[in-house]
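Chain and residue survey
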Amino acid sequence: MFRIKHLLLCLLLPAAALAQQPDTTGARRESGTPGNDTLRIYSPLTVTVISEERMNSDSLVTHPIDTSIYRFQNYSPFYRNKRYFVNLGNLGLATRDLLVDFNKEIGFRTGQQALDVYQYDRTELEYYRTRSPYTELYYVTGGRPEQVFRFIHTQNIKPRLNAGVEYQKIGSEGYYPSQGTNHLNLAAFAWYQSENLRYNLIGNVIHSDLRAPENGGLMNDSIFDLPSNQDQILQERVFLDDARTRWRGTGIFLKQFYNIGRVDRIDTGKAYAEKVYPHQRISHSIYYETRNYTYQDKSGNPSYYYFIYNSEPNPLDSIHYRNIENEFTLSVFGRTGQKQGAFSKAAILQAGIKHRLINYWQQGAIDTNFHVLSLKGQAGYQLSEKLGILFNGERVFLGPYDGDISLSADARLFINEDIGEVRLGALYQRKRPDFLFEQYHSSYHRWSQEYERVNLSQLTFSYYHDKLKLGLSGEYSLISNYAFFRGRDNYIVPYQFTNEMDVLKVSLDKDIQFFKNVVFSGHLVYQHTNYRQVLPSPEVFVYGSIFYRNKLFNVLDFQLGADVRYFTETEAYSYAPELGRFYVDDNPKMIGEYPVVDLFLTANLRRTRFLVKFDHANQGFPERGYYTVKRYPMPNRTLKFGISWRFYD
């Protein structure tokens, strides 16, 4: 009862405080300095952001922060960008994409992926430009209890120097024994731009500490059909009582851009939000990264593992990885036909070199240092505002990954507003498998082998019609020498499938508005592969969201609706906690054909967004529950609350 009262108090206090402000626009107006009658307005429009990827393009253009409530209910990384991630039944545990998705990186990769969605990625970090200090507090809480907290603060120390910090905490006790997660991410970032717009400097420091218990799954793998302890699920027997995975990492990143020669500047009429178009640019980045991956089992259940090579009690398996990376890029841009803040014709030519010094250590048996040197290039031409083409290439020339190559081409054609836009793409890659497949030495698994390079060819197509809110895309992949893990009864080994596999993926997106205030947003994916036993994945995945939206008292925007996710029957992956990898099980469990319905209410009152969500509301219909990974049941129905509170001063 105390928790409920405390939660209601937290939700109502922001609204009460905001309701006392006479300004109904959500912006704060302040007088200028004495003798200055200018009006300062602080609102979402005075806080703009840009990513590193956008800075790498031919222009430097910031955009306002997102303050909408559209899909605000999809806060979980399991539902990122309309995707669906299968998982071990609790936020913070291992997860992977339900649909087929090939990694596009070349060169060295550790192969550790199970907790990737929870840790900060430096390439996705945003850099801010603000007219006043900006702060956001974000909090979601649910049953057992699931908690997500995020804090962002940033401000311009000088007109063209911004700095900030971002903190995120994820914790959840889980619904079954040994599921309590505890993840921490902390980032500090800064962006400086010179007054003459020639020099830009961005930098960040990111620290992550991810702690995930491993219970090995429930011994009763049919808990929804034959429950062994229906009223006390926390007393269900698991394979591992006291095993734990921990990821720790720190990264320091610094990148400088210098524009040479002519710089075109287009004034947008907004402070510090000008569009900057250089004609030549040089850039240099340096990145230092250390990561530790550990696994320790104190459960005392040796029968869970097929092999135990280490006779010591409670052995600690660890991997230490260090990466020092330098990259230098020279870019040349050409533009003509400026019109309404844009250019009708443009060209880009880039050449770069990247060097990585890698140190990889595991259990003292593997201790290796090596270099990875690659050359990169990009060339593109925009024939008009409607037609453009872009080529990218990268090849590794030095080190054990010498010969890895990636080539791609992308074309865009915007016909008109009545017909829409078409994009075409092609990709070819040839690369060594992740390091984990070729060398591994732990208390439970050991191998040293060399695999053939993985070959991937891909063709993509996409069509979008803005007026109709219609999107259609297709992707055809041909892959050979695909590396994956397979096993049976905890006997798990890396395996390379030398045959060629075809994968066809077609996606359809459509938004429909009914009766002015009712909206349906649908996402449909069809997949087909000729080797489903190697790439377990459903043929069909559907995500649909239907909601009623309106505004109360001219100040409270809200959406009330339901999300439905469904996929057809497929074989489930199994999970090996001691490896931190999902694997194809020769004795699989069938999953799917179970719709999951979530009810939600989202609202926006000036600076505050609210969320009330009822996950898995349809539990008991048509069945009592479902799985997405063998031995790991998904959570029961759960009521969740969330709030996002923004400050612009």
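Let's shift gears to the sheet that holds strand β26 (residues 491-497). Strands sit in the order β26-β25-β33-β32 across an open sheet of four strands; the sheet is mixed. Both edges of this open sheet fall to β26 and β32 (574-576), since each of them pairs with a single strand only. Averaged over all pairs of adjacent strands, the angle between strand axes in this sheet comes to 50 degrees, irrespective of strand direction. Where strand β25 (residues 482-488) lies against strand β33 (residues 581-585), two bridges are found, and the strand directions are parallel. Of the residues in β33, the one forming a bridge with R486 is V584.

For the rest of this paragraph, the subject is empty space enclosed by the protein. In the structure shown here, the tally under the stated rule is ten cavities of 30 Å³ or more. Empty space within the largest cavity amounts to approximately 290 Å³. Looking at the lining of the largest cavity, the elements that each hand over two or more residues are β5 (85-87), β35 (596-605), β36 (608-615) and β39 (638-647). Of the residues that constitute the lining of the largest cavity, the class distribution is eleven nonpolar, seven polar and five charged. If you go around the second largest cavity, you meet 22 residues; those closest to its centre are Q112, T294, Y295, E578 and L579. Within the residue set of the lining of the second largest cavity, elements represented by two or more residues are β12 (199-214), β13 (243-266), β14 (275-297) and β15 (316-339). Each residue belonging to the lining of the second largest cavity can be placed in one class, and the counts come to 13 nonpolar, six polar and three charged.

You can see Q112 is positioned in the loop between β6 (95-97) and β7 (126-130). Residue classification places Q112 among the buried positions, given a relative accessible area of 8%. Sequence-distant contacts of Q112, defined by excluding residues within four places in its chain, comprise W247, Y293, I319, L436 and L579.

Criteria and thresholds
Residues numbered from 1 in each chain as written. Predicted model: local features only at pLDDT ≥ 70, side-chain atom pairs only at ≥ 80, totals over all residues. Heavy atoms only, no water. Pairing = 2+ DSSP bridges. Helix = DSSP H or I, 4+ residues; strand = E, 2+ residues; numbered from the N terminus. Axes fitted to C-alpha atoms, helices over the stretch in contact; angles between N-to-C directions. 1 Å grid on protein atoms, 1.4 Å probe; cavity = no way out; pocket = protein on both sides within 12 Å on 5 of 7 lines; lining within 4 Å. Points joined across faces, edges and corners; volume = space filled by probe spheres on them. Nonpolar A, V, L, I, M, F, W, Y, C, P; charged D, E, K, R; others polar. Buried < 20%, exposed > 50% of the residue type's maximum accessible area, 1.4 Å probe, protein only. Contact = heavy atoms within 4.5 Å.

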